[in-house]
Amino acid sequence: MVEKMKELVESWSFLDAAESNFRPLVVIELAKGTKEETIEWFTKRIVDKKANGGAQLLIKPLVTENGVENIYLVGASHLRLLLGAETVGLVKECSDNSMRTFTYSSRKTFKHFADDNHNFLTMAECQYIIKHELENLRAKNEKMIPGYPQAKLYPGKSIVRRLLTSGILVQIFPLHDREELKKLSHSWYGRVKVGYQPLDDIRCYFGETIALYFGFLEYFTFALIPMAVIGIPYYVFAWEDYDKYVMFATFNLLWSTVILEVWKRMCAILTYRWGTLLMKRQFEEPRPGFHGVLGINPVTGREEPVYSSIKRQLRIYLVSLPFVCLCLYFSLYVMMIYFDLEQWALDYDKENESVFSSLMLYVPSIIYAVVIEIMNRIYRYAAEFLTSWENHRLESSYQNHLILKVLVFNFLNCFASLFYIAFVLFDMKLLRQSLATLLITSQILNQFAESLLPYWLQKRYNRRMKKRMCSKKTDMDLSLAEQVNMEKEMGTYLGTFDDYLELFLQFGYVSLFSCVYPLAAVFAVLNNITEIYSDALKMCRVYKRPFAEPTASIGVWQLAFETMSVISVVTNCILIGMSPEVDALFPDSKMDLVLTVALVEHLLLAIKFIMAFVIPDKPRDIQMKLAKLEFESLEALKQQQMKLAAESLKE
């Protein structure tokens, strides 16, 4: 098999010049026992010229002491990567400090470009380009994958996606750069320091989506500091005096509105600097799990599966929606069991009045917090299965429906008990106790489940691998084969969904009820500081390197946080209206109190939406740069049309 691959590589004459400088960027792992004709066909398609429907990339088998293990390394020549950068629409900085879409013809106008500078494109950008080219390998006249008659193909079908769904292709992942990762680790989490994260370095190594998450995490942590600073003296001097939470709740209202508007501007600054604010959205292909009857896409004209939207809607409204409602009902049922346990703990404390009985008061809340986390995780798997079964064509549609399902359940599961205590039981002392227990317990469980446990398991695995592979070596430097074998067994990072969800729930705890428990923001800040370090450790040491994904914002999560902010306005207005000092202003008519609270709530919501309208999402200098680029592109298009018209007149 190795000999065949060598002969095949030698036959790729158009890439011979680049073979000596082969730089492995991406790893392809095929299933054990994959047929030789399949491997030959797939590798031939990868190296074929673009004109012949290939990707025109470089590929080499990974040869180990055991021979070839169906693992292949993919790279590309410098020229191929530059042309790929133009294809995917990467935006780079020009010599005049403006940001423009990269084109090969105008490459000399870009800052730091030189024909011999192979670092003009970051490694993450190179890996993104290769991923794009591999995903756009499409079947031509093949009716099936050679060697696997059951794996059907049709013209225009993504070959990589078919190989993945057929189980022939196990995984594709980008390689770590050990030296760059070591430098990044040292500057990011290698030492405890007070300062900003190296977001530009994170973006260069992991891409914009992950860098933007860490940017939001850092920004949100700093935004929590004013709430924490006010909360500490508030906790110390007014612990049992609930009359005084009116001012804290009022500040909470303004804070939750302002920080989200300021983040939009911060996000625009970051994404403009990184070039993704200017990137044009790529045409979205059907997601790998989408299936249906073969038909013609009216937009692309290609053959692809077609699935009735009516069938999808029936699945959503007749199956998914009732299931979600049933889960919500079960969550409320568990909540009522929790309140029975709370009543039992109170009765037990009244009977015994001991230190042990006082500690028992916290046990129901701790148990409930653990049950909430377990239910959230189980429901997540069910939501993923249902959303996949709904058969959404696009990945964005799949993600939106999944996020909606998960957010609705998590919101009710985490906050229903707090709403019940605050607005049904009117027990502020129990509300404070429950909020503190739920917040702290969930933070401890998340840190353990998402960072500490995976890190410990990965460290154990790495230790075993190093003993097995490096027992005869004097140093611990890994060869390429050892590095690939170690990384392919690492966990796969599934995206920022869970990380944003954790921040969303934390934002809810702080913005909805923190006026009752002022230390909520303090614990949130402490958690986020450790979260930055643990997430950084997780990205660098626990998981395989994820492919970079360009993005211009945090997407649907911005809307989720803004929705939570609106709910917090309503919640805090009602809490203010329930305070004894406000209640004393309306001794005769409770209806007047209700109407006044409703009026104030509507005014605050109006102010919130006015602020959102008045505060620009992008700073003025960025607005001007974007307008200038749009004007120049329109002028260039106009000149091109005039040139074509002049040439046609000459003829």
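Note that the structure is a prediction, hence the values are computed from the model and not measured.

Undergrad: Just to check I follow, could you spell out the overall build of the protein for this structure?
TA: Across its full length, the protein holds 22 helices and 10 strands. For the protein, the residues scored as buried account for 50% of the 651 residues in total. The contacts in the protein between residues at least 6 apart in sequence include a share of 74% that link residues at least 24 apart. About 32500 Å² of surface is accessible on the protein, with carbon and sulfur atoms providing 63% of the total.

Undergrad: Whenever I open this one, a nonpolar patch on the surface confuses me. Can you help?
TA: On the surface, a cluster of nonpolar side chains totalling about 850 Å² of accessible area is made up of I310, L314, Y317, L318, V319, L321, F385 and W389. The set of elements that each furnish at least two residues to the nonpolar patch consists of α11 (309-352) and α13 (363-389). Sorting elements by how many residues they give to the nonpolar patch places α11 first, with six residues. By the element assignment, L321 lies in helix α11. Classification of L321 by relative accessible area gives partly exposed; the value is 44%.

Undergrad: What is the right way to read helix α17 (residues 497-513) from this model?
TA: A turn of α-helix holds 3.6 residues, and therefore any two residues three or four places apart point the same way. Taking 1.5 Å as the rise per residue, α17 with 17 residues should run 24 Å; its terminal C-alpha atoms sit 24 Å apart, in good agreement. For α17, the tally of buried residues reaches 16 of 17 residues, placing the bulk of the element in the interior.

Undergrad: So what exactly am I meant to see when it comes to the packing of aromatic side chains here?
TA: In this description, a pair of aromatic rings is defined by centroid distance and the angle of the planes. In total, this model carries 35 aromatic pairs according to the counting rule given. We note K35 situated over the ring of Y148; from NZ or CZ to the ring centre the distance is 5.2 Å. Between the NZ or CZ atom of K131 and the centre of the ring of F547, over which it lies, the distance is 5.8 Å.

Undergrad: Help me understand the nonpolar core, please; the structure alone is not making it clear to me.
TA: For soluble globular proteins, nonpolar side chains are generally found buried alongside one another. Among the nonpolar cores identified, the biggest contains 104 residues, and W188, F206, W255, F504 and W557 are the most heavily contacted of them. With 14 residues, the single largest contributor to this core is helix α9 (residues 208-237). Every residue in contact with F206, bar those within four places of it in the chain, is listed here: H176, L184, W188, M539, C540, R545, P546, F547 and A548. In this structure, L57, M99, I129 and L278 belong to the second largest nonpolar core, which totals 54 residues.

Undergrad: In this structure, what is going on with the pattern of salt bridges? I would like to understand it.
TA: Side chains bearing opposite charge may pair, as long as their charged atoms lie close to each other. Counted by the stated rule, this structure contains 25 salt bridges. Of the charged contacts in the structure, one is a salt bridge between E487 and R178, with a shortest N-O distance of 3.2 Å. One end of the pair, E487, is in helix α16 (residues 480-488); the other, R178, is in helix α7 (residues 178-188), with 309 residues separating them in the sequence. Here E487 falls in the buried class, since its relative accessible area comes to 1%. E261 is paired through a salt bridge with K264; the nearest N and O atoms lie 3.7 Å apart. Pair noted here: E261 and K264 are both in helix α10 (residues 245-274), with a separation of three residues, about one helical turn. Overall, E261 belongs to the buried group, its relative accessible area being 4%. Salt bridges here are not isolated pairs; linked through shared partners, they connect K92, E125, R203 and E208.

Undergrad: When you look at the UniProt feature "transmembrane region" (unreviewed entry) in the protein in this model, what are you seeing that I'm missing?
TA: UniProt's entry tags residues 219-239, 245-263, 316-339, 359-379, 402-423, 435-457, 503-526 and 593-615 with the feature "transmembrane region" (unreviewed entry), counted in the numbering of this structure. Taken end to end, residues 359-379 has its terminal C-alpha atoms 31 Å apart, with 90% of it in helix and 0% in strand. Across residues 593-615, the secondary structure splits into 96% helix and 0% strand, with the terminal C-alpha atoms separated by 32 Å.

Undergrad: What should I look at first to understand the pairing of strand β7 (residues 148-152) in this one?
TA: Regular strands place side chains that alternate from one sheet face to the opposite one. In this sheet, β7 lies alongside strand β6 (residues 144-145) in antiparallel orientation, the contact comprising two bridges. Bridging across to β7, I145 finds its partner in Y148. The turn linking β6 back onto β7 is made up of two residues, and G147 within it adopts a positive phi angle of 95°.

Undergrad: Please explain the confidence of the model for the protein as it appears in this structure.
TA: Interpretation of this model should avoid reading the predicted coordinates in detail wherever pLDDT is low. Residues of the protein with pLDDT of at least 70 account for 89%, and the chain-wide mean is 83. Low pLDDT, under 50, characterises residues 1-19; the stretch is placed with 30 contacts to residues that sit more than four places away or in other chains. A low-confidence stretch, residues 471-477 stays under pLDDT 50, and its non-local contacts, those more than four residues away or across chains, total five contacts.

Undergrad: Sorry, what's going on with the packing of α7 against helix α18 (residues 520-542) here?
TA: Axes are the key here: two packed helices are described by the angle between their axes and the distance separating the axes. For the pair α7 and α18, interaxial distance at closest approach is 11 Å and the crossing angle is 175°. Overall, the two elements α7 and α18 adopt an arrangement that is roughly antiparallel. Packed against α7, whose contacting residues are L181, S185 and W188, the element α18 presents Y533, A536, M539 and C540 at the interface. Its residues assigned to classes, the contact of α7 with α18 comprises six nonpolar, one polar and no charged.

Undergrad: I'm lost on the environment of H602 in this one. Help?
TA: With respect to the secondary-structure elements, H602 resides in helix α21 (residues 590-614). On the basis of relative accessibility, which here comes to 52%, the residue H602 falls in the exposed class. It is 9.7 Å that separates the C-alpha atoms of H602 and C573, two residues lying 29 residues apart in sequence. Among the polar contacts listed, one links the side chain of H602 to the backbone oxygen of A598, at a separation of 2.8 Å. One polar contact links H602 to E601, side chain to side chain, over a distance of 3.0 Å.

Thresholds, definitions, all that
Residues numbered from 1 in each chain as written. Predicted model: local features only at pLDDT ≥ 70, side-chain atom pairs only at ≥ 80, totals over all residues. Heavy atoms only, no water. Helix = DSSP H or I, 4+ residues; strand = E, 2+ residues; numbered from the N terminus. Buried < 20%, exposed > 50% of the residue type's maximum accessible area, 1.4 Å probe, protein only. Contact = heavy atoms within 4.5 Å. Areas by Shrake-Rupley, 256 points an atom, 1.4 Å probe, with all protein chains shown as cover. Patch = residues over 30% accessible without salt bridge, like charges linked within 9 Å, V, L, I, M, F, W, Y side chains within 5 Å. Salt bridge = Lys/Arg side-chain N within 4 Å of Asp/Glu carboxyl O. Expected span 1.5 Å × (residues − 1). Phe/Tyr/Trp six-rings, centres within 6.5 Å; stacked < 30°, edge-to-face > 60°. Lys NZ or Arg CZ within 6 Å of the ring centre and 35° of its normal. Core = buried A, V, L, I, M, F, W, Y, C linked by side-chain atoms within 4.5 Å. UniProt positions renumbered as here; feature names shortened; annotations may be inferred. Pairing = 2+ DSSP bridges. pLDDT = per-residue confidence, 0-100. Axes fitted to C-alpha atoms, helices over the stretch in contact; angles between N-to-C directions. Parallel < 35°, antiparallel > 145°, perpendicular 65-115°, else oblique. Nonpolar A, V, L, I, M, F, W, Y, C, P; charged D, E, K, R; others polar. Polar contact = N/O pair within 3.5 Å; in protein donor to acceptor, adjacent residues only side chain to side chain.

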